Structures are given as C-alpha cells and as structure tokens.
There are 2 protein chains.
Amino acid sequence: MKPKIEDVAKLAGVSPTTVSRVMNNRGYISDETREKVQNAMNELNYFPNDVARSLFNKRSNIIGLILPTTSNPFFGELTFHLENICAEMGYKVLLCNSLNAIDKEEKYLEMLLRNQVDGIIVGTHNRGILDYHKQNLAVVAIDRYLSETIPVVGSDNYEGGTMAAELLMSGGCQCIVLIDGIGELETPARLRRKAYSDVMKRNGRAPIIYEIPEVFDRQSQQEVISRIFSEHPDVDGVFATNDLFAASFINEAKRHGKEVPGEIKVIGYDGTETAQTLMPELTTIKQPIARIARTAIDILVKKIEGDMKESPQETRLPVKIVKGTTA
Amino acid sequence: MKPKIEDVAKLAGVSPTTVSRVMNNRGYISDETREKVQNAMNELNYFPNDVARSLFNKRSNIIGLILPTTSNPFFGELTFHLENICAEMGYKVLLCNSLNAIDKEEKYLEMLLRNQVDGIIVGTHNRGILDYHKQNLAVVAIDRYLSETIPVVGSDNYEGGTMAAELLMSGGCQCIVLIDGIGELETPARLRRKAYSDVMKRNGRAPIIYEIPEVFDRQSQQEVISRIFSEHPDVDGVFATNDLFAASFINEAKRHGKEVPGEIKVIGYDGTETAQTLMPELTTIKQPIARIARTAIDILVKKIEGDMKESPQETRLPVKIVKGTTA
DNA sequence: CTGAAAGCGCTTACAG
DNA sequence: CTGAAAGCGCTTACAG
C-alpha cells in the first residue's frame, strides 16, 4: 500500500499536522523535527496524494485543453508548447480531442468541470453551445470567439490573410481561389477569409471560396478540390487557410497536370515545423505558435490566480510570410 | 459556489446517502425518490466532484501519457487515437511531453503518481531510470522496452526495416545509408536499424549509419546530413527511420544537386496522415497507428482492472509499404 | 514549536 | 427503501 501522511508521522514520531507542515514549509518547525520527518519520508518513499490535496484546497492545478485534434500539426505543436509551459508553471494538462463535434465538446466540458480543473484552453469551433462563462471558470480561447468575456489569443489572421492575398495579386494571378475549412461561425480564423475577400474586392474581383472538411479525409478533400479545376479551369492562384489544405491542393494540381508555381501559385497558412520540414517549398504565413501558447497561458493563469487586471479581450500576434517556391 | 451533494439532498428532502445512491444507481430507491433527487440535481445544475470520488474510490480514471512531443506527427496522431479511445472508455488523459529528457521524465512520473493515475502509457526512450515497475502501477510501453514485466506495443519494426532495406537493394542501390535517431538504448524501434544492418550484411555490404537528433532542430539535422554527402558521395539509397528524417534528407539532396529518386532513392518510416498529405511522393513504411493505440489501451485497461490473464509481453503490429515515387 | 479536531465532497457498510 | 456515521488523505485554524 502507498504510505500516507499518517505512516510518515508514526515513523517520525510526530503528528500528521507536523508532517504536513514540513511538506508545505508552513509555520515553525525545529530543524530537528524537520529532519526526522524528511528521513521518514525518504525511508517510506512517501509522496503526497494530490487528489486529497486538491479536495481540500479546492484547487487541482489542472488545466483542461480542448482542441479539434493533435493529429493536425498546428494543434500538435500548439499542444506541445501549451503543455510545456504548463509543466513549467506547475500545472498539469488534461487533453481533449473533440474533432469539433459538439456532443463531444459538451461531454468533455462536463468531464473537465467534474474534475475541478482550474481553467480551460479552448481551440475548437463550436460557439455558444458551451456556456463556458456560466460556470465562473477561467477560460481562454485560441482563435475562437466564445463569448464577450472570454479572452481570445491568436495570430493576426487579417494581416496574414492580407499578406497572402496580396502576394498572389502582385504575382499577377488573375483567378485566385480561397480554400478554407467548413464552418459558419464568425471566428478569428475567419478573418483570413475576410482579408482575402477584401483584397479581392479592392481589386475588383469576386471572391471564389471552396470549403473542405478539416479532419483528415483525403477522399472528400480531393473531391472538393477537384471541383475547383472543373468550375474554375483558369485558376492561377490559391490561398489555403492551412498548410494541409495547400498540400492537398498541390497534389491535386499535379494530378490535373498543372504546374506549381508555373501555372498556379499557392500559399498556405500555419507554417508549422512539421510542414516546413515535409514541404519546405511551400510559401506560407507562419503563426508564432510558441508565443500564442505562452500568451494564452499567461492570461489564463492570471485569471486563475484572480489577478483582476483586465486581460486584453483579443490578442493578435504578428505573422511572418515564409517565402518558398510555390508562390 | 458549486452545489454539492448536501445541497441536492436538502432540496430533495432526502439524505446525502440517497442522492449518492441515485447518482450511482446502487441499491434500492423508490421511483418517487429518484425523481425528486433528479429534479433537484437539474434545478441546481449539479454534477459530482470527481476529485472527492477519486479520493474515496482510490481510482482516478486518469491515464498518464508520457511521450517525447506531440509536435512530431507520429506522436501527434498516436496521442489523438489514444485519447480518443480513452474517452470512449471513460478514462481521462494527463499529457506529458518529455522531449526524452530524463529529468523531465522523472518529474512527470512523480507528478502522475501524486495524481493517482490508474495507469501510464510510455512512449519515451529512457529506460531503467524510471522504476515503473516498483510502484505496482499499470504501465504499457509504446515501442520501448522498459522492463521485463512491462508490455510493449509497436509496429513490426524488424519487418518494416527489412522491407525498406530490401526495396532499396532490389532497386539496385549500391551505397545505402541509414539515418536514425540518436540513442544508445536497445528499443524495439532500434530493430529498424538492426533489420537494415542484417540486410546489408546478408548482401555483403557494410552498414553505414548516421544519427541525428530527433527534436526539431533543423540546423543540426542539416549538418549531419550534409556529412553524408561529403563522406559518402556515392550514396544512392537512404532509409530514414522516420518520415521527418527522410524529408530532411531529400531537402539536403536537392541542395546538393542530387535528384530523388533518379540519383538517390529514399524511403521513410511512419506513414502518418500528415506526412502522406504534405509529402505524398514519399515511399515509406506505414505504421498502424490507430491499432497501436487500441492495443496499448486494451492491455493497459486489462491491467488496471486486474484482469490477470497474462497480456502478451510484446505485440508487433503489421506494417505496410506505401509506394510513392522516392524509392 | 507541536498536536487534536474538524472538514474538503463524496461513498459504503451497517442499522433500521 | 432510507439515513447516520465513519472514512478516503490531506490541511488549516485553534489551542497550548
């Protein structure tokens, strides 16, 4: 059986209270007692039960992380950074891959609440459904508007979208198509689309938008992308709102005998390490993933620790264009 | 304040015991009482505190997951599947990215133990250091030998390595180089290297092995890979033990003016969805990631639930060669 | 400087 | 069918 505080106390010949005090370094304890207790702890290989502590302290030091899927390299890398920063700060991470399914998100949210998490980082789509604000729980969203009171952190999507669209324009593209995820909600990531549309309109063009499922489903992605070639055979520029979409498009372009960038210029979004390694030729808008993670945790922790200094409602971190050879 | 069982009991006019019983569906309760209690729970928007439950039950229903980093698409996808299966089975996942750093692993392990996890899935390198077996805790390793008693699940590394090496041999390659991660330990993933060496020897060749750091560090990876070209200018075949390495090599080959597959054939390992999307031309050995996850959880859960039917010490799941155009 | 008591929110024998 | 009591492993006033 795992030793408990009582066992340590007996072995050291003191009360549980005293053991607790040396563990938490609280109150006065004589050096002698402290040593006795520490020896007993070592001898028994004792370490405290954080479940019991959490129950008493009403503080779990656990942060819930809800996102679509760590399979997507953007979220995989974001998760890595988030978790790493949490560990550094003494927080633990409970992971939830919701695949943007509303029912799963609801279940996950309830699970997190039952587990008394101190805060939640949300990177999923579904808005409103989850009353994140109802429970007075610390919540920070990554690139999603969840409610007026929930801070949002993300890259400067509008700026990134503008850079992408303008690069294609200035490259002389005449028929520029946007490939975006499905989703009706007005989320910051949607600003990439908005920026594209604005650039198009400013140049007297009509936006052309295709939506494909975000989850790995190469077949249905292919089908949608194929339609671009039949419906817009003159396509010569593509802005994909993430690098995976860009890659899928480039694959399809090859199948249709189109050369990139010769006949069609392509630019993506995200610029993950993974995509940069596997497809270094891709021109893309790089998000500062580590900074996004850091900022989100900073804000969340401030909320958890009750720092009432208003945290900014929206933080837009600067993007960078990474020039490959595809645009 | 969050309502507790006592609040529900008062509102429903029953004892806490009864509330607990209807929640857990244990013992006899009249339909009338059940309804009263359920109404009260709804009215108060009550949900149980799992921390308190865990304390009493000595069962947290939490599984710890220790792996190098979810930034690597293999682990990103593995994590997704593991978490998903856990959620399905009512387990929660506490995530730890150790980057294979021993000190971090030790801290994470202690953290998981303090949090009373029911079991741990380990996908990191460091062996021996962690006395996983000392605590009698359910542990399953992914592709790592941790101790004689800890079950290992992974792809059939030896078979995969053999397939890769033989494909290069049969493609007529004369100077075949292996690119592998750093690490001295005898781990199942090392069987990829072993298989390569065996194939080489069987064909009267000397194995040529280069080791590069696994963590994203494009510069130092590049340096090592560059050495291949100076030290083995006649290299015409490369087996990289993961797809990221393969991609890095291909990038370097281009910089050195070498054509793939014309002058050098390249084959990778993992075959993640991400790599297949971003680099569909890569020939690679595909691991059955979802099956690895499923198998690992099945074994772990059996151990947790005390199913004493010996679980297999080692499970090798079949790999598949995905023929792209690089080899 | 140290300890006995109460309590965090739940569950489970034990009585009735 | 229902409730009072004890206890899961810890911590924190409160006394001394």
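Under an unreviewed UniProt entry, chain A has the name LacI family sucrose operon transcriptional repressor and belongs to Mesobacillus foraminis.

Caption draft 1: Spotlight on the relation of the copies chain B and chain A. Placing chain B over chain A gives an RMSD of 0.0 Å and needs a rotation angle of 180°, together with 0.0 Å of translation along the axis. Here the copies are linked by what is in effect a two-fold axis. The C-alpha atom lying nearest the rotation axis in chain B is that of L94 of chain B; the distance is 2.3 Å.

Caption draft 2: Structural view of the sheet that holds strand β10 (residues 283-286) of chain A. All names here are of chain A. Spatially, the six strands line up as an open sheet ordered β7-β6-β8-β9-β10-β12, and their pairing is mixed. In the strand order of this sheet, the two ends are held by β7 (208-212) and β12 (320-322), each with one partner. Ignoring strand direction, the axes of neighbouring strands in this sheet form an average angle of 20°. Judged from the three bridges that link them, strand β8 (residues 237-240) and strand β9 (residues 265-270) form a sheet pairing that is parallel. Of the residues in β9, the one forming a bridge with F239 is I267.

Caption draft 3: A look at the interface of chain B and chain A. Across the contact, 52 residues belong to chain B and 52 residues belong to chain A. Contact between chain B and chain A buries roughly 5000 Å² in total, counting both sides, with carbon and sulfur atoms accounting for 58%. Linking chain B with chain A are zero salt bridges. Taken together, the links from chain B to chain A amount to 18 residue pairs in polar contact (both at pLDDT 80 or more). Residue assignment for the side of chain B that touches chain A shows that the elements contributing at least two residues are α4 (50-57), α5 (73-88), β2 (92-97), α6 (102-114), α10 (243-255) and α11 (273-278) of chain B.

Caption draft 4: Molecular detail of the UniProt feature "domain: HTH lacI-type" (unreviewed entry) in chain A. According to UniProt, the positions carrying the feature "domain: HTH lacI-type" (unreviewed entry) are residues 3-57 of chain A. Along residues 3-57 of chain A, the helical share is 71% and the strand share 0%, with 21 Å between the first and last C-alpha atoms.

Caption draft 5: Focus on the packing of helix α5 (residues 73-88) of chain A against helix α12 (residues 289-304) of chain A. All names here are of chain A. One can describe the packing of α5 onto α12 by two numbers: an axis separation of 9 Å at closest approach and a directional angle of 45°. Our classification of the angle between α5 and α12 gives oblique. Crossing hand, α5 versus α12: right-handed. Taken together, the residues of α12 that come into contact with α5 (itself represented by F74, E77, L78, H81, L82, I85, C86 and E88) are I289, A290, I292, A293, R294, A296 and I297.

Calculation notes
- Residues numbered from 1 in each chain as written.
- Chains lettered and ligands numbered in written order.
- Predicted model: local features only at pLDDT ≥ 70, side-chain atom pairs only at ≥ 80, totals over all residues.
- Heavy atoms only, no water.
- Least-squares fit on C-alpha atoms with pLDDT ≥ 70 in both.
- Pairing = 2+ DSSP bridges.
- Helix = DSSP H or I, 4+ residues; strand = E, 2+ residues; numbered from the N terminus.
- Axes fitted to C-alpha atoms, helices over the stretch in contact; angles between N-to-C directions.
- Contact = heavy atoms within 4.5 Å.
- Buried area = accessible area lost by both parts, 1.4 Å probe.
- Salt bridge = Lys/Arg side-chain N within 4 Å of Asp/Glu carboxyl O.
- Polar contact = N/O pair within 3.5 Å; in protein donor to acceptor, adjacent residues only side chain to side chain.
- UniProt positions renumbered as here; feature names shortened; annotations may be inferred.
- Parallel < 35°, antiparallel > 145°, perpendicular 65-115°, else oblique.
- Left-handed = near helix turned anticlockwise from the far one by under 90°.

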